[in-house]
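Understanding the architecture of this molecule
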Amino acid sequence: MASTDTISDMLTRIRNACLVRHSIVDIPHTRMNKNIAKVLKEEGFIHEWEETGEGIKKKISLSLKYKGKNRQPIIKTIRRISKPGLRVYSNRKELPRVLGGIGIAIISTSRGIMTDREARRLGVGGEILCYVW
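Attention here is on the structure that accompanies the text.

Scoring rules and cut-offs
Residues numbered from 1 in each chain as written. Predicted model: local features only at pLDDT ≥ 70, side-chain atom pairs only at ≥ 80, totals over all residues. Heavy atoms only, no water. Helix = DSSP H or I, 4+ residues; strand = E, 2+ residues; numbered from the N terminus. Buried < 20%, exposed > 50% of the residue type's maximum accessible area, 1.4 Å probe, protein only. Contact = heavy atoms within 4.5 Å. Phe/Tyr/Trp six-rings, centres within 6.5 Å; stacked < 30°, edge-to-face > 60°. Lys NZ or Arg CZ within 6 Å of the ring centre and 35° of its normal. Pairing = 2+ DSSP bridges. Axes fitted to C-alpha atoms, helices over the stretch in contact; angles between N-to-C directions. Polar contact = N/O pair within 3.5 Å; in protein donor to acceptor, adjacent residues only side chain to side chain.

1. So, the environment of Ile107
Considering the arrangement of structural elements, one finds Ile107 in strand β8 (residues 104–109). Taking relative accessible area as the criterion, Ile107 reaches 0% and is therefore assigned buried. For the pair Ile107 and Ser90, spaced 17 residues apart in sequence, the C-alpha to C-alpha distance is 9.1 Å. In contact with Ile107, not counting residues within four places along its chain, are Leu95, Gly112, Ile113, Met114, Thr115, Asp116, Gly126, Glu127, Ile128 and Leu129.

2. Brief notes about the packing of aromatic side chains
Summed over the entire model, instances satisfying the criterion amount to 0 aromatic pairs. The aromatic ring of Tyr66 is capped on one face by Arg71, whose charged end is 4.3 Å from the ring centroid.

3. What about the sheet that holds strand β2 (residues 46–52)?
The strand order β1-β3-β2 describes an open sheet built from 3 strands, whose pairing is antiparallel. Of all strands in the sheet, those with a lone pairing partner are β1 (24–28) and β2, marking the two edges. Looking at each pair of strands side by side, their axes are set apart by 25 degrees on average, direction ignored. Here β1 pairs with strand β3 (residues 59–64) via 5 bridges, running antiparallel. Residue pairing across strands places Val25 opposite Leu62, the latter belonging to β3. Taken strand by strand, helix α2 (residues 31–42) contacts β1, β2 and β3, and its axis lies near 155 degrees from that of β2.

4. Let's talk about the side chain of Ser90
One can find Ser90 in strand β7 (residues 89–90). Residue Ser90 is classed as buried on the basis of its relative accessible area, which comes to 9%. A polar side-chain atom of Ser90 sits 3.3 Å from the main-chain amide nitrogen of Leu95. In this structure, Ser90 is in contact with Leu95, Pro96, Gly125, Gly126 and Ile128, ignoring residues within four places of it in sequence.

5. Describing the environment of Lys65
Along the polypeptide, Lys65 turns up in the loop between β3 and β4 (66–67). On the accessibility criterion, Lys65 (24% relative accessible area) is partly exposed. For the pair Lys65 and His22, spaced 43 residues apart in sequence, the C-alpha separation works out to 9.5 Å. In contact with Lys65, not counting residues within four places along its chain, are Gly44, Phe45, Ile46, His47, Gln72, Pro73 and Ile74. Of note is the side chain of Lys65, whose polar atom sits 3.2 Å from the backbone oxygen of Gly44.

As structure tokens, then:
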């Protein structure tokens, strides 16, 4: 059965892959997932991402980052905030700071998917998709 919440599905796959120290994780291709992958790459949480497959079999492969000899995952926590049953919006003045600025909030704005820092800089609010740290 296909998940109706593709963002939660993506975050769960990343979380599970980090727990078992996989270096690559495949997620279903959607425009939203692709934009979230771009933000994770820009913020240094993943090495790289690429689109693979064709048509309905299209996937996004994320190359996960680890540090140290015992390969500690860079992504310690990745949490969905706004869910299909309960959307969470924030105006530009009330954008959350994740762990005092250590983590990021990924926000869906009228200008696209971006971090809380970027949204604050541009002066836009939006739907808070998830927190990553």
